Amino acid sequence: MNVLKTLLIVLAVGTTTALTAQSKQQIPEVEALLKKMTLEEKIGQLNLLTPGGGVATGAVVSENVEAKIKAGNVGGLFGVASPEKMKMAQDIAVKNTRLGIPLLFGSDIIHGYKTTFPIPLGLSSSWDMELIKSTAQIAAKEATADGINWNFSPMVDISRDPRWGRISEGAGEDPFLGSAIARAMVTGYQGDDLTDVNTMLACVKHFALYGAIEGGRDYNSVDMSRVKMFNQYLAPYKAAIDAGAASVMTSFNDVDGIPATGNKWLLTDLLREQWGFEGFVVSDYTSLNEMIAHGLGDLQAVSALALKAGLDMDMVGEGFLSTLKKSLSEGKVTEAEITNACRRVLEAKYKLGLFNNPYAYIDETRPAKDILTAENRAVARKAAQRSFVLLKNENNILPLKKSAKIALVGPLADSQNNMLGTWAPTGDVKNAISIIDGFKNVAPNATINYAKGSNILDDEAMAAKINVFGPRVDISKESPETLLEEALAAAQKSDVVVAVVGEATEMSGEAASRTDISIPQAQKKLINALVATGKPVVLVLMSGRPLTISEEFDLPVSILQVWHPGVEAGNAVADVVFGDYNPSGKLTATWPRNVGQIPVYHSMKNTGRPAPTSEEFQKFRSNYLDAKNSPLLPFGYGLSYTSFKYSDIKVDKNVVASGEAVNVSVKVQNTGNFDGEEVVQLYLRDVVRSITPPGKQLKGFEKVFLKKGETKTITITLKPEDLKFYNSNLEFIAEPGDFEVFVGGDSDASLKATFELK
Ligand code: BGC
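Residues numbered from 1 in each chain as written. Predicted model: local features only at pLDDT ≥ 70, side-chain atom pairs only at ≥ 80, totals over all residues. Heavy atoms only, no water.

S.K.: Could you give an account of the overall build of the chain, with specific residues and numbers?
M.R.: Tallying secondary structure elements over the chain gives 23 helices and 26 strands in all. At 27 Å, the chain has a C-alpha radius of gyration in line with the 27 Å of a compact globule built from 758 residues. C-alpha extents for the chain along the principal axes are approximately 80 × 65 × 45 Å. With 758 residues in all, the chain has 60% of them scored as buried. In the chain, the share of contacts with a sequence separation of at least 24, taken over all contacts with a separation of at least 6, comes to 78%. (Helix = DSSP H or I, 4+ residues; strand = E, 2+ residues; numbered from the N terminus. Rg over C-alpha atoms; globule rule 2.2 N^0.38 Å. Buried < 20%, exposed > 50% of the residue type's maximum accessible area, 1.4 Å probe, protein only. Contact = heavy atoms within 4.5 Å.)

Here it is, written out as structure tokens:
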């Protein structure tokens, strides 16, 4: 009986594999080329190098790149400083190698190329998919004008840990929103036709689970149940792949004890067999070699492991280049495995049209007309305005009058260096509009009394760690006392204080984890002293992550969260501060009260001993002695200069048959004095099911514009798959029973309707 069962399973698995292999169309040109290639040439295509000269994004820079290209040992380059250099490299590959196979040119264009948009966490706060897609289209148009045809983006790692600096690079904590953004970015970069020279290959990263590293410490381990992975972390990667992402980058962390770069379950069973991914997989920067430090063996062993797992291209590590031939001769890998990896790399080149024209992306006439145009900057300004989140508006002090007398203070008020944010290696800080310049542009009749007020932080040793890409933290020659006096003098001369405070760009991003995510002490002193003057104070808060701001939140101040806003920073901040744009951003990651609450996110489970409410303590319940369960600011939160009222929630059926959609409608009224946009959010609670359900899950949203006084009925459709989850057997199913739907302006939404799934 058991033997029979095993046989049936083997047959079934065999059939799936065969079907997957069959469903893939082979490209005759690529097959013909493969037949001509030597083993060395095939291995060469699996090698991705960075020659230096651009901004280094890792610790190691490749050597003797030119000689390696000539020898046919390179499949692609990234981080090349200019189109001229790319042309030189392409010339070598096309004219000086036996088969003339063109190179891929990669880059990290994470939030815009030269037109830098807000950091991704900021962009996600716009909840505006069309806008996000248009930023990706512009990024593609600008980058391809400079020769790049492969982008290491989107980064879709779900993260619920603001200690992790790279939370700035993604879309926050939620898989539903994260999936929508992943689709928008992939379709924005790739368009409908990759041979169009305005599009480039997307690379979804970091596969997988990088956002869940322990303690928020970069490059750390991940250990997670499959049920949690499938229900909460994997959806955005899958959404990017379903949208056609041409490549995938592995993550630095391990998954189930095996580093992602060498994890066969992840790269083959899940990605290719279950999800049907047909593109190529690249490692992260030396993540192949890092498997040695992870404890998986020497370079030859880890390279063989990675190839067999499904890795196609080795970024910077040269492990494939230096060991695969030996592994083949020792029977540790097969030639078919090498050929398969090579095929996938060549197919990507084919899809880009590089075999027809290796220079298609190198066109001297394009940069001047496509890069950093007025139109592109206008989108950057719009994107920045929409990324800002109004956290608090004390006495409705905002928006300010354009004729106001303003003390504009703080270490980020006149700091072009800190406007672009992390991961903007292709941007140029000199193009960024500082906040003070933006104020002058937008409100030329305002009186601006400027003073720096404080350093970002006073600690020289910490500043040195942050200033790796230039002077982001610029410690003044003046003493902290003098800086403070100047700010207080500016405040005395003014009607209102605007303090631009927060994190320098490199205080978040890669290798920028923090255990204390509060506003640095030097700036806290400034804020408290400004408040003590009795003048109204507006904090324009910059950061690449949620911060712990409980103390500042309790002060009588207004707070506008602006992330790192990009190239149009100052103009966009001024647009919002002076009311030319009414803020509409909503947080996409929960803001904790303190670091001890982490992880805290909106879809947390109920537990068997829930606290009476998230505000109250009760002994022998799941709560803390020294903090409430509720975060300081929930997911989805954000204010407007106007107010919105929700009413009349309705579901179009109370009993829903399996496979049927449910329409949820609600009335939303603009009850304040400004026209404005609101992100209407729908959360679902599966009341009873076979595995413990999350408290609430985001399952729909719509951004709507309402004139003051206007009411609209918004209908959001719950599709059958929105009721599904992965059960203990990892089957994606919906279980009959009661569901509760909540609609409102943040994840605390309480307006409720119910239905039953039959
Ligand atoms: C990062 C990746 C990036 C790569 C290449 C790595 O350090 O983790 O996100 O794409 O460098 O720059």
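S.K.: Account for a nonpolar patch on the surface, naming residues and giving values.
M.R.: Residues I258, L296 and L305 make up a contiguous nonpolar surface patch of about 190 Å² in total accessible area. On the basis of relative accessible area, L305 is assigned to the partly exposed category, the value being 31%. (Patch = residues over 30% accessible without salt bridge, like charges linked within 9 Å, V, L, I, M, F, W, Y side chains within 5 Å. Areas by Shrake-Rupley, 256 points an atom, 1.4 Å probe, with all protein chains shown as cover. Salt bridge = Lys/Arg side-chain N within 4 Å of Asp/Glu carboxyl O.)

S.K.: Would you mind going over the packing of helix α18 (residues 435-442) against helix α23 (residues 569-577) in detail, with residue names and values included?
M.R.: Direction vectors running N to C along α18 and α23 enclose 55°, while the axes themselves pass 7 Å from each other. Judged by the inter-axis angle, α18 sits oblique to α23. Here α18 and α23 pass one another in a crossing that is right-handed. Contacts from I435, G438, F439, N441 and V442 of α18 reach α23 at A569, G570, N571, V573, A574, D575 and V577. (Axes fitted to C-alpha atoms, helices over the stretch in contact; angles between N-to-C directions. Parallel < 35°, antiparallel > 145°, perpendicular 65-115°, else oblique. Left-handed = near helix turned anticlockwise from the far one by under 90°.)

S.K.: Describe the sheet that holds strand β2 (residues 76-78), naming the residues involved and giving the relevant values.
M.R.: The strands making up a sheet associate through hydrogen bonds between their backbones, and the pairing can be parallel or antiparallel. Taken in spatial order, the 8 strands of this open sheet run β9-β6-β5-β4-β3-β2-β1-β10, and their pairing is parallel. Single-partner strands in this sheet number two, and they are β9 (280-282) and β10 (314-315). For strand β3 (residues 104-107) and strand β4 (residues 150-151), the ladder comprises 2 bridges, and the chain directions are parallel. Opposite G106, over in β4, you have W150 as the bridge partner. (Pairing = 2+ DSSP bridges.)

S.K.: Account for the environment of A67, naming residues and giving values.
M.R.: Structurally, A67 can be placed in helix α4 (residues 65-70). C-alpha of A67 to C-alpha of L103: the two residues are 36 residues apart in sequence and 14 Å apart in space.

S.K.: Account for the confidence of the model for the chain, naming residues and giving values.
M.R.: In this model, the chain carries a mean pLDDT of 95, and residues with pLDDT of at least 70 account for 96%. Segment residues 1-22: pLDDT under 50, and 3 contacts once partners within four positions in sequence are set aside and those in other chains are kept. (pLDDT = per-residue confidence, 0-100.)

S.K.: Any chance you could break down the domain arrangement of the chain for me, citing the residues and the numbers?
M.R.: Looking at the assigned domains, one finds that the chain contains domain 1 (27-367), domain 2 (389-584) and domain 3 (642-757). For domain 1 versus domain 3, the distance between C-alpha centres works out to 36 Å. Residue-level contacts link 12 residues of domain 1 with 14 residues of domain 3. Together domain 1 and domain 3 conceal approximately 1,200 Å² of surface at their shared face, both sides included; 72% is due to carbon and sulfur atoms. Of all residues in domain 1, W127, F176 and N231 give up the largest surface area on contact with domain 3, accounting jointly for 53% of the area buried on that side. The interface formed by domain 1 and domain 3 contains 0 salt bridges. Counting every contact that joins domain 1 to domain 3 gives 2 residue pairs in polar contact (both at pLDDT 80 or more). Taken together, the elements giving at least two residues each to the side of domain 1 that touches domain 3 come down to α8 (175-190) and α9 (226-233). Considering each element in turn, the side of domain 1 that touches domain 3 owes the most residues, 4 residues, to α9. (Domains from an automatic or database assignment. Buried area = accessible area lost by both parts, 1.4 Å probe. Polar contact = N/O pair within 3.5 Å; in protein donor to acceptor, adjacent residues only side chain to side chain.)

S.K.: Just give me the short version of α23, but keep the residues and values in it.
M.R.: Summarising burial for α23: 9 of the 9 residues are buried, a large majority. Within the span of α23, buried status applies to A569, G570, N571, A572, V573, A574, D575, V576 and V577. As for α23, its buried residues are in contact with α17 (374-387), α18, β15 (537-542) and β16 (557-561). G579 occupies a position one or two residues after α23 and carries a positive phi of about 85°.

S.K.: Now, about the side chain of S159: what can you tell me, with residues and values included?
M.R.: Looking at the element boundaries, S159 is found in the loop between β4 and α8. One polar contact links the side chain of S159 to the main-chain amide nitrogen of D161, over a distance of 3.3 Å. Not counting chain neighbours up to four residues away, the residues in contact with S159 comprise W164, I167, G172, E173 and G211.

S.K.: Would you mind going over the pattern of salt bridges in detail, with residue names and values included?
M.R.: Scanning the entire structure with this criterion turns up 41 salt bridges. Across the pair D108 and K205 runs a salt bridge whose closest N-O atoms are separated by 3.2 Å. Of this pair, D108 sits in the loop between β3 and α6 (120-124) while K205 sits in strand β5 (residues 201-207), placing them 97 residues apart in sequence. A salt bridge links D312 to R344; the shortest N-O distance between them is 2.7 Å. With a gap of 32 residues between them, D312 in the loop between α13 (299-309) and β10 and R344 in helix α15 (residues 335-351) connect regions that are remote in the sequence. For the pair formed by D312 and R344, the shared burial category is buried.

S.K.: Any chance you could break down the nonpolar core for me, citing the residues and the numbers?
M.R.: Of all hydrophobic cores here, the largest spans 125 residues; its most connected members are L77, W150, F207 and L234. Per-element tally for this core: the top contributor is α8, with 8 residues. Two domains each put at least three residues into this core: domain 1 (27-367) and domain 3 (642-757). Residues within four places of F207 in sequence aside, it is in contact with L234, Y237, V248, M249, T250, S251, A260, L266, L267, L270, L271 and W275. By size, the runner-up hydrophobic cluster in this structure holds 52 residues, among which are L400, M419, V442 and Y581. (Core = buried A, V, L, I, M, F, W, Y, C linked by side-chain atoms within 4.5 Å.)

S.K.: With reference to specific residues and values, describe the packing of helix α7 (residues 129-145) against α17.
M.R.: Two elements in contact, α7 and α17, have axes whose closest approach is 10 Å; the angle formed by their N-to-C orientations is 145°. In this structure, α7 crosses over α17, and the sense of that crossing is left-handed. Each of L131, S134, T135, I138 and E142 in α7 lies in contact with α17, whose residues at this interface are N376, V379, K382, A383 and R386.

S.K.: Talk me through the sheet that holds strand β26 (residues 751-757); I want residue IDs and the actual numbers.
M.R.: The sheet built from 5 strands is open, its strands ordered β18-β26-β25-β20-β21 with mixed pairing. Looking at the sheet topology across the chains shown, the edges are occupied by β18 (655-656) and β21 (697-706). With 7 bridges connecting them, strand β25 (residues 737-744) and β26 associate as antiparallel partners. Within the sheet, the bridge partner assigned to V741 lies in β26 and is A753.

S.K.: Kindly report on the side chain of E506, identifying the contributing residues and their values.
M.R.: Along the chain, E506 turns up in the loop between β14 (496-502) and α21 (521-532). Among the polar contacts listed, one links the side chain of E506 to the side chain of T505, at a separation of 2.9 Å.

S.K.: Report on the pairing of strand β12 (residues 405-409), specifying residues and quantitative values.
M.R.: Among the 5 residues that make up β12, 4 are buried, leaving the element largely enclosed by the rest of the structure. Summarising the sheet, β12 and strand β13 (residues 447-451) pair through 5 bridges and their orientation is parallel. Looking at β13, one finds that L408 is bridged to Y450. Bridge count for β12 against β14 is 4 bridges, and the pairing is parallel. When the bridges of β14 are listed, V409 appears paired with A499.

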